[in-house]
Amino acid sequence: MPRADQSPESAPAWLLWPVRAVAVVVVLPFRLLGMAVAAVGRFLHRYLIVPLAWLGHHAIVVPATWLWHHLIVVPVTWLWAEVLLPPTRWLGKALVTVLGWLLAIPVMLIGVPLMWLWEHAVVPGARLFHRWILRPLGIALAAVGGFLWTWVLAPVGRAIAWFLRLGWQGTSWLFRQIYRFLLRPIGIAVAVTWRYTFGALWRHVIAPTGRWLRDEILRPTGAAIRSTLSALGL
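What you see is a predicted model; the values in this text were computed from it and never measured.

Asker: Just to check I follow, could you spell out the overall build of the protein chain for this structure?
Answerer: Looking only at helices and strands, one finds two helices and zero strands in the protein chain. Residues classed as buried in the protein chain amount to 3% of the 234 residues present. When the accessible surface of the protein chain is totalled, it reaches about 21,000 Å², and 77% of it is carbon and sulfur.

Quick look at the structure:
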């Protein structure tokens, strides 16, 4: 019978021993193999790879660096500084000098005469032109303009303004007289005539006659017609 502390789901002891034996037989060799491989790797790294790296650095890299510096860098630097750079610098200076002279020739042949012409011909000519032509012309134009304004334009403007003011005043006076002695009497006459002729006829004859016709004839006739039509059912 199973013990009280064992659950129904737990495997029996006789079944666990074969599983443990198989695990020891299968897993233990791989684990031992992994430990052996790691130990061999550490041994090779310590006693083979590190010494080979040290040997390669001091036997190959350091000598190669020294040879590159002393056989390539130093000779090429000396060749550039002592052999190639001085002619190149001299050639550059010579080229700059030649270009300077080539540019100086047009300046000397064209620029200098133009500057001399500007300073000794154009500028003095402009000064003389301003002094003897533009300035007197401006003074003359100003004098003519002042004369025209003082003796022509201003008097003509004042005269035109006076005539316009006088004409406006005369026209206003004329219109007032026409309204006072012609239009207003005619209007009064027309109003009086209308009041005592056509107005009186309208008030005393036409309007009363129209009201009598409307009240005594048209309305009763219309009422009789509507009554007849209603009696007939129309």
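Asker: Looking at this model, I keep getting lost on the pattern of salt bridges. Mind explaining?
Answerer: Two side chains carrying opposite charge are able to pair once their charged atoms lie near each other. Counting across every chain of the model gives two salt bridges. For R214, the salt bridge is made with D215, and the minimal N-O distance between the two is 3.2 Å. A salt bridge links R219 to D215; the shortest N-O distance between them is 3.4 Å. Pair noted here: R219 and D215 are both in helix 2 (residues 198-231), with a separation of four residues, about one helical turn. For R219, a relative accessible area of 52% gives the class exposed. Several salt bridges share partner residues, and in doing so they unite R214, D215 and R219 into one network.

Asker: Mind showing me how you'd approach the confidence of the model for the protein chain here?
Answerer: Summary statistics for the protein chain give a mean pLDDT of 78 and a share of 88% for residues scoring 70 or more. Contacts for the low-pLDDT stretch residues 1-9, under 50 throughout, to residues beyond four places or in other chains number zero contacts.

Asker: Explanation requested: the packing of aromatic side chains in the structure shown.
Answerer: Two numbers describe a pair of aromatic rings. These are the distance of the centres and the angle of the planes. A complete count under the given rule lists one aromatic pair for this structure. Between the aromatic rings of F43 and Y47, the centroid separation amounts to 4.9 Å while the plane-to-plane angle is 40°, which identifies the pairing as tilted. Taken together, the residues F43 and Y47, both in helix 1 (residues 13-196) and four residues apart, mark about one turn of the helix.

Asker: Looking at this model, I keep getting lost on a nonpolar patch on the surface. Mind explaining?
Answerer: A cluster of nonpolar residues, L95, V98, L99, L102, I105, L109, I110, L114, W116, L117, W118 and V122, forms a patch on the protein surface that exposes about 1,200 Å² of accessible area. Positionally, L99 belongs in helix 1. Given a relative accessible area of 44%, L99 falls into the partly exposed group.

Conventions and cut-offs
- Residues numbered from 1 in each chain as written.
- Predicted model: local features only at pLDDT ≥ 70, side-chain atom pairs only at ≥ 80, totals over all residues.
- Heavy atoms only, no water.
- Helix = DSSP H or I, 4+ residues; strand = E, 2+ residues; numbered from the N terminus.
- Buried < 20%, exposed > 50% of the residue type's maximum accessible area, 1.4 Å probe, protein only.
- Areas by Shrake-Rupley, 256 points an atom, 1.4 Å probe, with all protein chains shown as cover.
- Salt bridge = Lys/Arg side-chain N within 4 Å of Asp/Glu carboxyl O.
- pLDDT = per-residue confidence, 0-100.
- Contact = heavy atoms within 4.5 Å.
- Phe/Tyr/Trp six-rings, centres within 6.5 Å; stacked < 30°, edge-to-face > 60°.
- Patch = residues over 30% accessible without salt bridge, like charges linked within 9 Å, V, L, I, M, F, W, Y side chains within 5 Å.

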